[in-house]
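Chain by chain, the residues:
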Amino acid sequence: MFKFSLSLNAFAISTTLSHFPFPFSLKFLTTTATSNSFAVSYFINKFNFSPEFALKASKQVRFNSSQKPDSVLNFFTTHGFTDTDMQNIIKREPWLLNCDTHKRVLPKFQFLLSKGASPSDIVRMVSGSPRFMKLSLDDRVIPTYNSISKFLCSDQNAIASIISCPSLLSSKFVTENVKLLVNHGVANPSIFRIIRSRANVICSNPFELEKTLQELKIMGFDPSKSYFADALLAMRCISKSKWNEKIDAYKKWGWSEETIKEMVSRQPKCMLVSIDKINRVMEFWVNQLGWDDSYLVMRPGIFAYSLENRVIPRALVVRYLLSKGLMSENASLTTQFFMSEKLFMKKYVECFEVEEASQVLKLYREKMNVEDKIAKDNLNISCL
């Protein structure tokens, strides 16, 4: 009796899905015969899912006609979602085809709209992390939104943060991690920077975040200081082993642990540059220019700038001016790298007589093609 029944079911499935590539495995036919066969067919025909994936997805839904799933798709279409959007969303959250969109999804859309999100913003949020639609609006979505918005000063910043990191609304760790940062004494402006620049940090496991916070404190970083956010982001962006490799790269240039610690405390982002970049900057600064590397300890942000487009051209201009006595020997050797292009040209090119200005500009352009940039910035080199 069981064999006969199974044979009939298998025949029904094979005729319903006659366009499937053959041969099907007996295991697939047997499993499909006892599953929601219409849903399997729907997933394959509508979204081009593989039979195996369609079978897996069908276990999250229960419908025997296209009326319900079609109404769900129509709801999303009227809210600006494309067929491609829906294919990707349903692949991640098949249960949506079985939900009451006006009770489960629409209130979340309305909440986001009330905070200033546009329809296209919502499409990007949902496409990035559709799982948040499964969560309770009152118990999860709103509390999570409130936990980040109070540090971001405006709904506009909150919406922008969610767009850049859609998992903010679906992560179960956000509220806990924000409290963790506060309890560790991390200042509000630092929390703002963390959320706006790399929000996935507060979506991570609280145990890992706690571990990083403790490590930074042991290293001497003060959570109340503005640089703490950069230090936290730097440590969360690279592995512990890679962090240690970069410490070793600085040590190879004769820097002590204390020197490196001082540099990192001034600008933690210097730990985000590659080991090759560290060595090339040090090689140019110490061996080619012959300048004291203590300047780099004091202004480590130089490591983050383009060596070819900023550091080398500007350094060579400064060295030329020093050699010609056009610049005081006591003048800073680092402030030039942090100026805008316009201000640098004004203070180190335009201020000289025509002959000297021409020579300096020639030297600068030999190392960097700035003509287009000068035109773009409407620079007026009146002395040429």
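One can find the structure itself at the top, above this paragraph.
Residues numbered from 1 in each chain as written. Predicted model: local features only at pLDDT ≥ 70, side-chain atom pairs only at ≥ 80, totals over all residues. Heavy atoms only, no water.

### A few points about the packing of helix H20 (residues 307-323) against helix H21 (residues 341-350)
Part 1 of the argument: The N-to-C vectors of H20 and H21 enclose an angle of 15 degrees; their axes lie 12 Å apart at closest approach. Comparing the axis directions of H20 and H21 gives the class roughly parallel. You can see that H20 and H21 cross each other, and the crossing is left-handed. From H20, Arg314, Val317 and Leu321 reach across to H21, where they touch Glu341, Phe344 and Tyr348. (Axes fitted to C-alpha atoms, helices over the stretch in contact; angles between N-to-C directions. Helix = DSSP H or I, 4+ residues; strand = E, 2+ residues; numbered from the N terminus. Parallel < 35°, antiparallel > 145°, perpendicular 65-115°, else oblique. Left-handed = near helix turned anticlockwise from the far one by under 90°. Contact = heavy atoms within 4.5 Å.)

### Some words on the side chain of His184
Part 1 of the argument: When you line up the elements, His184 lands in the loop between helix H12 (174-183) and helix H13 (188-198).
Part 2 of the argument: You can call His184 buried: its relative accessible area is 11%.
Part 3 of the argument: Among the polar contacts made by the side chain of His184, one reaches the side chain of Lys217 at a distance of 3.0 Å.
Part 4 of the argument: Dropping the residues within four chain positions of it, His184 is found in contact with Glu210, Leu213, Gln214, Lys217 and Pro223. (Buried < 20%, exposed > 50% of the residue type's maximum accessible area, 1.4 Å probe, protein only. Polar contact = N/O pair within 3.5 Å; in protein donor to acceptor, adjacent residues only side chain to side chain.)

### Side note on H13
Part 1 of the argument: Within H13 the residues assigned to the buried category are Ser190, Ile191, Ile194 and Ile195. Buried residues along H13 cover an arc of 135 degrees about the axis, so they all sit on one side. Turned more than 90 degrees away from the buried face of H13, the exposed residues are Pro189 and Ser197.
Part 2 of the argument: The inward-facing, buried residues of H13 contact helix H10 (137-152), helix H11 (155-164), H12 and helix H15 (227-237). (Arc of directions from axis to C-beta.)

### Side note on the packing of aromatic side chains
Part 1 of the argument: In this structure the tally under the stated criterion is 21 aromatic pairs.
Part 2 of the argument: An angle of 75 degrees between the planes, with centres 6.3 Å apart, marks the rings of Phe76 and Phe109 as edge-to-face. With Phe76 in helix H5 (residues 67-78) and Phe109 in helix H8 (residues 106-114), the pair connects residues that are 33 residues apart, well separated along the chain.
Part 3 of the argument: Judged by its relative accessible area of 2%, Phe109 falls in the buried class.
Part 4 of the argument: Seen from their ring centres, Phe111 and Tyr145 are 5.3 Å apart, and the 85 degrees between their planes marks the pair as edge-to-face. Residue Phe111 is located in helix H8, and its partner Tyr145 is located in helix H10; the two are separated by 34 residues in the primary sequence.
Part 5 of the argument: Exposure remark for Phe111: the relative accessible area of 11% places this residue in the buried category.
Part 6 of the argument: Accessibility expressed as a relative area gives 1% for Tyr145, which makes it buried.
Part 7 of the argument: Above the ring of Tyr305, the side-chain terminus of Arg310 is found at 4.4 Å from the ring centroid.
Part 8 of the argument: Across from the ring centre of Phe344, 4.6 Å away, lies the NZ or CZ of Arg314, which sits over that ring. (Phe/Tyr/Trp six-rings, centres within 6.5 Å; stacked < 30°, edge-to-face > 60°. Lys NZ or Arg CZ within 6 Å of the ring centre and 35° of its normal.)

### Considerations on the packing of H11 against H13
Part 1 of the argument: One way to put it is that H11 packs onto H13 with a least axis distance of 8 Å and a crossing angle of 45 degrees. Here H13 runs oblique to H11, going by the angle between their axes. Contact residues: Asn157, Ala160 and Ser161 in H11; Phe192, Ile195 and Arg196 in H13.
Part 2 of the argument: Looking at the contact of H11 with H13, its residues break down into three nonpolar, two polar and one charged. (Nonpolar A, V, L, I, M, F, W, Y, C, P; charged D, E, K, R; others polar.)

### Section: the nonpolar core
Part 1 of the argument: Counting residues in hydrophobic clusters, the biggest one holds 118 residues, and the most contacted among them are Phe43, Phe76, Leu97, Met133, Tyr250 and Phe303.
Part 2 of the argument: At nine residues, H20 tops the list of elements feeding residues into this core.
Part 3 of the argument: If sequence neighbours within four positions are ignored, Phe303 has contacts with Tyr250, Trp255, Met263, Cys270, Val273, Lys277, Ile278, Val281, Met282 and Leu296. (Core = buried A, V, L, I, M, F, W, Y, C linked by side-chain atoms within 4.5 Å.)

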